[in-house]
Amino acid sequence: MMTRQRLIRFGGMAFICSGLLAVSVPVYIVLVIILGRLVYPVYGIELTPESYRLIISFYYGGVHCVALVVGIATILLSLVIWKSGLGQFTAALGLLTGVFDLIGSHPWLLGEGMILISQLLFSGWLVILGVNMRMSATRGTD
């Protein structure tokens, strides 16, 4: 059962983790716009090969940065879940997912298989976390 003191103690960290995840969404949107600029010409402006290289390096640098932020947020959020009583399994899976997110943020060093495992772990953790939170809310243990 989540007491008021525990909620106050862990609420700040949960707020920070949620903020990190919320900040990553607009950055992803900007990255999609940058990627779209490579495909669709704007106002007939031609790009040089050097410009394409610069845009692609910005794109992959941004994806790498967002992946690092999401990995760190996943680890911190898992620590909050561990202390909050939402489930040790969910927290442990979140820690493992965060580590794989950090590993998966280096796609140029790893193969597609490791990236796929990282993405599947993150998706599965979100599903398990959602189910666990829903079950916790219906039991009234919040």
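Criteria and cut-off values
Residues numbered from 1 in each chain as written. Predicted model: local features only at pLDDT ≥ 70, side-chain atom pairs only at ≥ 80, totals over all residues. Heavy atoms only, no water. Helix = DSSP H or I, 4+ residues; strand = E, 2+ residues; numbered from the N terminus. Rg over C-alpha atoms; globule rule 2.2 N^0.38 Å. Buried < 20%, exposed > 50% of the residue type's maximum accessible area, 1.4 Å probe, protein only. Contact = heavy atoms within 4.5 Å. Areas by Shrake-Rupley, 256 points an atom, 1.4 Å probe, with all protein chains shown as cover. Lys, Arg positive; Asp, Glu negative; His and termini not counted. Charge placed at Lys NZ, Arg CZ, Asp CG, Glu CD. Phe/Tyr/Trp six-rings, centres within 6.5 Å; stacked < 30°, edge-to-face > 60°. Axes fitted to C-alpha atoms, helices over the stretch in contact; angles between N-to-C directions. Parallel < 35°, antiparallel > 145°, perpendicular 65-115°, else oblique. Left-handed = near helix turned anticlockwise from the far one by under 90°. Nonpolar A, V, L, I, M, F, W, Y, C, P; charged D, E, K, R; others polar.

**Q** Please clarify how the overall build of the chain should be interpreted in this entry.
**A** If you tally the helices and strands in the chain, you get four helices and zero strands. Element order for the chain, N to C, with α for helix and β for strand: α-α-α-α. For a compact globule of 142 residues, the expected C-alpha radius of gyration is about 14 Å, and the chain comes in at 19 Å, more than 25% above that figure. Summarising its shape, the C-alpha atoms of the chain cover approximately 60 × 30 × 25 Å along the three principal directions. With 142 residues in all, the chain has 27% of them scored as buried. Once local pairs closer than 6 in sequence are excluded, the contacts in the chain between residues at least 24 apart make up 67%. Summed over its atoms, the accessible surface of the chain is roughly 9300 Å², and 74% of this surface lies on carbon and sulfur atoms. A distance of 22 Å separates the average location of the 8 positive side-chain charges in the chain from that of its 5 negative side-chain charges.

**Q** Would you take a moment to explain the packing of aromatic side chains for this structure?
**A** Aromatic rings considered in pairs are described by the distance between their centres and by the relative angle of their planes. All told, the structure shown has two aromatic pairs when counted by the stated rule. Consider the rings of Tyr59 and Tyr60, whose centres lie 5.2 Å apart with planes at 75 degrees: the pair is edge-to-face. With a centroid separation of 6.3 Å and an interplanar angle of 40 degrees, the aromatic rings of Phe122 and Trp125 are classed as tilted. Highlighted residues: Phe122 and Trp125, both in helix H4 (residues 112-139), separated by three residues, approximately one helical turn. Judged by relative accessible area, Trp125 falls into the buried class, the value being 2%.

**Q** It is not clear to me how the packing of helix H2 (residues 49-84) against H4 should be interpreted in this structure. Could you clarify?
**A** Each packed pair of helices is defined by two parameters, the angle between the axes and the distance between the axes. Relative to each other, H2 and H4 sit at 30 degrees, their axes nearing to 13 Å. Considered as vectors, H2 and H4 are oriented roughly parallel to each other. In this structure, H2 crosses over H4, and the sense of that crossing is left-handed. Contact residues: H2 offers Val70, Thr74, Leu77, Ser78 and Ile81, while H4 offers Phe122, Trp125 and Leu129. Its residues placed into classes, the contact of H2 with H4 shows six nonpolar, two polar and no charged.

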